[in-house]
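Here are the chains, one letter per residue:
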Amino acid sequence: MARLPLHTLPTFRAVAKLANLRAAAEQLHLTHSAVSQQIKLLEDQLGFQLFDRRGRGVVLNAAGAALLNSVEPALDQIEDGRRAASAAASGTEHRIRITLLPSFANRWLLPRLASWRERHPHISIELNTSQQVVDLAQEGLHAALRQGNGQWRGLAAECLIDSPLIALGSPSAAHRLRGCEPKALACEPLLGSPTLWARWFALSGLRVRINPVATFSDAGLMLQAAEQGLGLTLARELFAADALRDGRLVRLSPLALPDEQAYAFWLAYPPALAEWPPLVALRAWLKDELAKSQATMDSARSRP
């Protein structure tokens, strides 16, 4: 059985992804000739072609697609291991780089960074906020705080907390609506998704046509608008935990809407970094701080 020339596999993956030898050469900082020779060596060693040549481009054939599907997870794992080893060797093990939603950063993480610094003064956190799912390896990141179903290719994921959507308003709105049925909220200015509001009202058997006064792409801005009295909002209970504790926002109803599309909050990371000390520290700290937030939210629910 032919042995794979392992040094050719990263080149094979780049060509497969880009469908162009020259583009792959530029990405890998190799000459076009070197890339072509590596692909030829791999095909010669295997005894069959991996690409169909089409003009100036190349396209994976069935054999190439099967090989890519098999070797790509291994290449990702090798790269994760290289990054972990590089971090340990260069001293960057004292810094952890994470990506997360701006709303998660502003409404929950930033107010707790002093706690992190007190607990781990020698490990700095670099925050990269994005509304999009970021490729950790490509961006040089160590971990991600994400909402979803916990399934991200090539990453391990640990569920941190599930947080339903609840109806919130300013203290003045809460005073005005005290003792009212859910249908009274429909007469108030509403913020956010009309679809989510319709689903929330449906929990109490109401069919309500919603025309919100404003919608937002960022939950943090929406909560800020609610705090300023611009309207009522549906938001993740976790993002409102501090505002509930401080009295800046008040829960308006015991109804809670689980959001099947957003699911829970997860910590996702390359499997090779699972026992990396900064990640171990981050994981433990997040769980402790989230437990405190959960206690705050439980207390807010029990208030009359």
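Coordinates for the structure precede this section.
Just so you know, these numbers come straight off a predicted model, no measurement behind them.

Caption draft 1: Region of the structure containing the overall build of the protein chain. Across its full length, the protein chain holds 12 helices and 11 strands. At 25 Å, the protein chain has a C-alpha radius of gyration far larger than the 19 Å of a compact globule built from 304 residues. With the principal axes as the frame, the protein chain shows a C-alpha extent of 80 × 45 × 30 Å. Split into buried and exposed, the 304 residues of the protein chain put 44% on the buried side. Contacts in the protein chain between residues far apart in sequence, at least 24 positions, make up 73% of those at least 6 positions apart. Charged side chains of the protein chain number 33 positive and 28 negative; the gap between the two group centres comes to 3 Å.

Caption draft 2: Inspection of the pairing of strand β9 (residues 232-236) at higher detail. The buried fraction of β9 is high, at five of five residues. Where strand β7 (residues 165-169) lies against β9, four bridges are found, and the strand directions are antiparallel. Along β9, the bridge assignment pairs Ile166 with Ala235. Across two bridges, strand β8 (residues 190-191) lies against β9 in parallel orientation. Directly across from Leu190, in β9, lies its bridge partner Leu232.

Caption draft 3: Structural detail: the sheet that holds strand β4 (residues 124-129). Pairing is mixed across the open sheet formed by five strands, whose spatial order is β4-β3-β5-β11-β6. At either margin of the open sheet sits one strand with a lone partner, and together these are β4 and β6 (156-161). Pairs of neighbouring strands in the sheet enclose a mean axial angle of 25°, with direction left out of account. Together, β3 (95-100), β4, β5 (143-148) and β11 (264-269) form the strand contacts of helix α5 (residues 102-109), whose direction differs from that of β3 by roughly 115°.

Caption draft 4: Spotlight on the packing of aromatic side chains. With the rule as written, the count across this model stands at 11 aromatic pairs. With a centroid separation of 5.4 Å and 75° between ring planes, the pair formed by Trp116 and Trp285 is classed as edge-to-face. One end of the pair, Trp116, is in helix α6 (residues 113-119); the other, Trp285, is in helix α12 (residues 277-302), and 169 residues separate them in sequence. Note on accessibility: Trp116 and Trp285 belong to one class, buried. Site record: aromatic cluster; members linked through ring pairs are Phe104, Trp108, Trp116, Phe239, Phe265 and Trp285. Across from the ring centre of Trp152, 5.4 Å away, lies the NZ or CZ of Arg146, which sits over that ring.

Caption draft 5: Just helix α9 (residues 194-202), in detail. Turning to α9, its buried residues number three or more, namely Leu196, Trp197, Trp200 and Phe201. In a view along the axis of α9, the buried residues occupy a sector of 135°, so they form one face of it. Taken together, the buried residues of α9 touch β7, β8, β9 and β10 (250-257).

Caption draft 6: Geometry of the pattern of salt bridges. Evaluation of the coordinates by the stated rule reveals 19 salt bridges. Measuring nitrogen to oxygen at the nearest pair gives 2.8 Å for the salt bridge that ties Asp44 to Lys40. Taken as a pair, Asp44 and Lys40 lie in helix α3 (residues 32-46) at a separation of four residues, close to a single helical turn. Note that Arg97 is salt-bridged to Glu126, the shortest N-O span being 2.8 Å. With Arg97 in strand β3 and Glu126 in strand β4, the pair connects residues that are 29 residues apart, well separated along the chain. Classification of Arg97 by relative accessible area gives buried; the value is 14%. Because the salt bridges share partners, they merge into one network encompassing Arg107, Arg112, Glu227, Asp242, Arg245, Asp246, Arg248, Glu289 and Lys292.

Caption draft 7: The arrangement of the sheet that holds β7 in detail. The strand order across the open sheet built from four strands is β8-β9-β7-β10, with neighbouring strands paired in mixed fashion. Two strands in the sheet have a free side with no partner beyond their single neighbour: β8 and β10.

Caption draft 8: Quick peek at the nonpolar core. One finds Leu267, Leu279 and Leu282 to be the most contacted residues of the largest nonpolar core, which totals 42 residues. In terms of residues, this core owes the most to one element, α12, which gives eight residues. Those residues in contact with Leu282 that sit more than four places away from it in its chain are Ile96, Ile98, Trp116, Ile125 and Leu267. Ala16, Ala24, Ala25 and Leu75 belong to the second-largest nonpolar core, a separate cluster that totals 18 residues.

Caption draft 9: Quick look at unusual backbone geometry. At Ala19, a position not held by glycine, the phi torsion is positive, near 55°. For Ala19, a relative accessible area of 32% translates into the label partly exposed. For His29, which is not glycine, the phi dihedral falls at a positive 60°. Turning to its location among the elements, His29 is positioned in the loop between α2 (21-28) and α3.

What counts, and where the lines are drawn
- Residues numbered from 1 in each chain as written.
- Predicted model: local features only at pLDDT ≥ 70, side-chain atom pairs only at ≥ 80, totals over all residues.
- Heavy atoms only, no water.
- Helix = DSSP H or I, 4+ residues; strand = E, 2+ residues; numbered from the N terminus.
- Rg over C-alpha atoms; globule rule 2.2 N^0.38 Å.
- Buried < 20%, exposed > 50% of the residue type's maximum accessible area, 1.4 Å probe, protein only.
- Contact = heavy atoms within 4.5 Å.
- Lys, Arg positive; Asp, Glu negative; His and termini not counted.
- Charge placed at Lys NZ, Arg CZ, Asp CG, Glu CD.
- Pairing = 2+ DSSP bridges.
- Axes fitted to C-alpha atoms, helices over the stretch in contact; angles between N-to-C directions.
- Phe/Tyr/Trp six-rings, centres within 6.5 Å; stacked < 30°, edge-to-face > 60°.
- Lys NZ or Arg CZ within 6 Å of the ring centre and 35° of its normal.
- Arc of directions from axis to C-beta.
- Salt bridge = Lys/Arg side-chain N within 4 Å of Asp/Glu carboxyl O.
- Core = buried A, V, L, I, M, F, W, Y, C linked by side-chain atoms within 4.5 Å.

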